[in-house]
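Structure at a glance
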Amino acid sequence: MARVRSSGRLGRAHPGPKPGRSYAELVGGPLDGSLLDITGWRPEEIDDGVSLLTELGQFGPGGRALCDPRPGDPARWDWGGDSP
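Residues numbered from 1 in each chain as written. Predicted model: local features only at pLDDT ≥ 70, side-chain atom pairs only at ≥ 80, totals over all residues. Heavy atoms only, no water.

1. Looking at the pairing of strand E2 (residues 23–27)
Side-chain alternation along E2 places Ala24 and Leu26 on a buried face and Tyr23, Glu25 and Val27 on a face that remains uncovered. Of the pairings in the sheet, the one linking E2 to strand E3 (residues 35–37) comprises three bridges and is antiparallel in character. Within the sheet, the bridge partner assigned to Tyr23 lies in E3 and is Asp37. In the sheet, E2 pairs with strand E6 (residues 73–83) via three bridges, with the strands oriented parallel. The partner of Glu25 across the bridge, within E6, is Arg76. (Buried < 20%, exposed > 50% of the residue type's maximum accessible area, 1.4 Å probe, protein only. Helix = DSSP H or I, 4+ residues; strand = E, 2+ residues; numbered from the N terminus. Pairing = 2+ DSSP bridges.)

2. Quick word on the packing of aromatic side chains
Summed over the entire model, instances satisfying the criterion amount to one aromatic pair. Ring plane angle 70° and centroid distance 5.9 Å describe the contact between Trp41 and Trp77, whose orientation is recorded as edge-to-face. With Trp41 in the loop between E3 and helix H1 (43–48) and Trp77 in strand E6, this pair connects stretches of sequence that are 36 residues apart. (Phe/Tyr/Trp six-rings, centres within 6.5 Å; stacked < 30°, edge-to-face > 60°.)

3. Considering the confidence of the model for the protein
Confidence in the prediction of the protein, expressed as mean pLDDT, is 85, and 82% of residues score 70 or more. Considering each helix and strand of the protein separately, the mean pLDDT is smallest for strand E1 (residues 3–6), with a value of 50, and largest for strand E5 (residues 63–70), with 96. Note that pLDDT drops below 50 for residues 6–12; the model gives that stretch 14 contacts with residues more than four away or on any other chain. (pLDDT = per-residue confidence, 0-100. Contact = heavy atoms within 4.5 Å.)

This is the structure we're talking about:
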């Protein structure tokens, strides 16, 4: 099952990536172009993908954007849809 994460500043202006951290770029959907900090995540956590809380998707506040790592390109995570 996908891990539920609070999106924090995802989808909003942010200062950019910090040195020494690992990020995945979100591709498609309401969080397109945002960076997800995956520093310290175990490989199995990355493989599971995420369910990110966001007010920007189809379901508004409290909704989630579902994202999974792209096969062969783990630095990009593709949007799979929104959920309530």
